[in-house]
Amino acid sequence: MVQRTATQVTAPDKEDSIANLIGQFGRWQFLVFATVSLVKLSSGWVQMAILFLTPKLTFWCVEFRNSTANSAPVVENSTCYADCLKYDYDASPFDNTIVSEWDLVCERSWLASFTQMVLQLGILLGSIVFGFLSDRYGRKITFLVSITFLVLLGFAIPFAPNYATFTVIRFFWGVATSGTMVVSFVIVMETIGSNYREMLGCLFQIPFIIGHMTVPLFAYYFRSWDSYSLAMAVPPLIYLMYFFSLTESPRWLLSVGRVDEAAKIVKKAAEFNGLPTTKIDETLKQLSDDIRSKSQEGRANYTDLLGPALLVKTVCCCVMWTIVGLTFYGFNQYISQTSPDPFVTVAAAGAIQIPSNIISIWLIKRFGRKLTIAITFILGGICVLLLGVVPKTYAITLTLGTLGVSCTAIVAASIYIYTSELFPTVVRNMSMGACSMCMRIGSMIAPFISNLALTVPWLPTVVFGFAAIAASVMCLFLPETKGTTLPDSLEDVSK
């Protein structure tokens, strides 16, 4: 362990020193937050688009093998026949979906869930790749690369000539989306002071919710899958502004010894916030030396997440994030399938998350991250379990469904902040990437569990409910991070 003299910066002072140079939260931080958080809109569109690409529809067989007009059997709607050669569809209220476009019914029905699983697999792999690239080569360049592919692939999807091409493009779309999600949150967390991390960490999720809420608007006005997909590809063009407005994270620059570049950005930020720029170079040089002197392994990598200092945190966080993905996406899909009006249900499921995120700001400031996540996991699990035993009336299921989604939304918002505070700067993006990967594993499984309601109605509620309750136990093994400074090195979390 490095012995430090009285003139060296201690861990608690390190965070305060950076905040004192540019302020806890000023005009510069607001500009970064307001611009970077916009990328979460597309995260909502990308991940929730499936709800209107593969809605339930009525189909019937119009051509049988070895049959004539006189010998054809009586056909029942939405019924599969072993000798059926061709199905026709009533996609109402839609003109065309990928189900009717590529006959994803009967023995091919699993392909509807598979395309979403592949998207989430892309997000999973993207979390690993972009998390590593961001910590190794910087937040800015990694973010810009992911934005570029996000825009290009969004315009490619509507012109997919077949299911295989459509699914492959969505896989790489998921990879690009993951890059924007993982890196953007870390940029914001490394920009603002500790006094504002709770509030802005939760508010950062609002654009995702707005994206979730506005998916039904795209589907309502564009009733064919290709025009619907094209409409959602246009708004992300605004993200090209990042090529002109985004700056690198000063904290990351310090962690890799690029003090001069960090100083230029910090001076501009201080001036923009009306703060003095004296002694910035000396202070940042001292901070960088302190961070790098404690990085005994040189450049960090994913194996550090499994080292003695971080193993328990990594395991617990990965388990919790897996269950967040399972419950958040699975439960949203489950309740959307219970409504006769998917436009209203999907919009309502998104809208209820806004007050939940705002409430989470107060909860994590008042009770801390650990207790908030544990309690809301338990409450959400109970709400889902009750859905399996209460009378199946619309009012009751809507109430319990709303409460369950609200609790899940609180957990989803809080766990981003909690995880970013548990891990040091040198592996923060990699830890977020690994946890996001685990969330995708949960979200990949979620559609298949949700669809079990068609054969075993009680099973999805049992799986989602008990999984959430089990996740709360993981909090017992983690420390509280409320009011603490962001650790920069592995040594900071070893004390």
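None of the values given here were measured: they were computed from a predicted structure.

What counts and how
- Per chain, the residues get numbers from 1 upward, laid out in the order the sequence is written.
- Selection of residues for local features in this predicted model requires a pLDDT of at least 70, selection of side-chain atom pairs for listing and counting requires 80 or more, and totals for whole chains, interfaces and linings are taken over all residues.
- Side-chain metrics rest on all non-hydrogen atoms present in the structure, leaving aside hydrogens and water.
- Put simply, DSSP H or I for four residues or longer makes a helix, DSSP E for two residues or longer makes a strand, and each gets a number counted from the N terminus.
- We take the radius of gyration over the C-alpha atoms and set the globule estimate at 2.2 Å times the residue count to the 0.38 power.
- When accessible area is computed with a 1.4 Å probe and restricted to protein chains, residues below 20% of their type maximum are described as buried, those above 50% as exposed, and intermediate ones as partly exposed.
- Here, two residues are considered to be in contact whenever any of their heavy atoms come within 4.5 Å of each other.
- The Shrake-Rupley method, run with a 1.4 Å probe sphere, supplies the accessible areas, and residue values consider only the shown protein chains as cover.
- Here Asp and Glu are counted as negative and Lys and Arg as positive; His is not counted, and neither are the chain ends.
- To locate a charge, the coordinates of NZ of Lys, CZ of Arg, CG of Asp or CD of Glu are taken.
- For this document, the term salt bridge refers to a Lys or Arg side-chain nitrogen within 4 Å of an Asp or Glu carboxyl oxygen.
- Pairing of aromatic side chains requires ring centres within 6.5 Å, counting the rings of Phe and Tyr and the six-membered ring of Trp. Pairs whose planes differ by under 30 degrees are stacked, by over 60 edge-to-face, and all others tilted.
- By the criterion adopted, a ring carries a charge over it if an Arg CZ or a Lys NZ lies within 6 Å of its centre and within 35 degrees of its normal.
- Two cysteine sulfurs form a disulfide in these notes if their separation is within 2.5 Å.
- In this document the domain limits rely on a domain assignment from an automatic tool or a database.

Draft legend 1. Up close: the overall build of the protein. When helices and strands are tallied, the protein shows 22 helices and 2 strands. At 24 Å, the protein has a C-alpha radius of gyration in line with the 23 Å of a compact globule built from 495 residues. With the C-alpha coordinates of the protein rotated into their principal frame, the extents come out at 95 × 45 × 35 Å. Relative to its 495 residues, the protein shows a buried fraction of 57%. Considering only residue pairs separated by 6 or more positions, the protein has 82% of its internal contacts joining residues 24 or more positions apart. Surface exposure of the protein reaches about 20300 Å², of which carbon and sulfur atoms provide 67%. Where the 34 positive side-chain charges of the protein centre and where its 32 negative ones centre are 6 Å apart.

Draft legend 2. Region of the structure containing the environment of phenylalanine 343. Residue position: phenylalanine 343 is located in helix α17 (residues 342-351). On the accessibility criterion, phenylalanine 343 (14% relative accessible area) is buried.

Draft legend 3. Seen up close, the pattern of salt bridges. Across all of its chains, the model carries 6 salt bridges by this definition. Arginine 139 is paired through a salt bridge with aspartate 135; the nearest N and O atoms lie 2.6 Å apart. For arginine 139, a relative accessible area of 0% translates into the label buried. Here glutamate 261 makes a salt bridge to arginine 258, at a shortest N to O gap of 2.7 Å. Residue glutamate 261 is classed as partly exposed on the basis of its relative accessible area, which comes to 38%. One network of salt bridges, with partners in common, ties together Asp135, Arg139, Glu190 and Arg428.

Draft legend 4. Main features of the packing of aromatic side chains. All chains considered together, the criterion is met by 21 aromatic pairs. With a centroid separation of 5.5 Å and 85 degrees between ring planes, the pair formed by tryptophan 45 and phenylalanine 218 is classed as edge-to-face. Of this pair, tryptophan 45 sits in helix α3 (residues 40-48) while phenylalanine 218 sits in helix α10 (residues 206-221), and the two are 173 residues apart along the sequence. For the pair tryptophan 45 and phenylalanine 218, one class covers both residues: buried. Here the aromatic rings of tryptophan 102 and tryptophan 225 are separated by 5.0 Å at their centres, their planes lie at 55 degrees, and the arrangement is tilted. In this pair, tryptophan 102 is assigned in the loop between α5 (98-101) and α6 (110-137) and tryptophan 225 in helix α11 (residues 225-233), connecting sequence segments 123 residues apart. Residue class for tryptophan 225 comes out buried when judged on its relative accessible area of 4%. Clustering of aromatic rings is evident, with ring pairs tying together Phe33, Phe185, Phe204, Trp321 and Tyr416. Across from the ring centre of tyrosine 220, 4.7 Å away, lies the NZ or CZ of arginine 223, which sits over that ring.

Draft legend 5. Expanded view of the state of the cysteines. Evaluated as defined, the whole model comprises 2 disulfides. The disulfide bridge from cysteine 61 ends at cysteine 84, spanning 2.1 Å between sulfur atoms. The disulfide joining cysteine 61 to cysteine 84 has a torsion of about 105 degrees about its S-S bond and is therefore right-handed. Linking cysteine 61 in strand β1 (residues 58-64) with cysteine 84 in strand β2 (residues 84-90), this pair joins segments that are 23 residues apart in sequence.

Draft legend 6. Spatial organisation of the domain arrangement of the protein. Each domain of the protein was delimited in the assignment, giving domain 1 (15-55 + 91-293), domain 2 (58-90) and domain 3 (302-494). Placing a centre on the C-alpha atoms of domain 2 and another on those of domain 3 gives a separation of 44 Å.

Draft legend 7. Main features of the environment of alanine 112. Within the fold, alanine 112 resides in helix α6. Since its relative accessible area comes to 13%, alanine 112 is described here as buried. In this structure, the C-alpha to C-alpha distance between alanine 112 and glutamate 248, residues 136 residues apart in sequence, is 40 Å. When neighbours within four sequence positions are excluded, alanine 112 is seen to be in contact with Ile50, Thr54 and Leu104.

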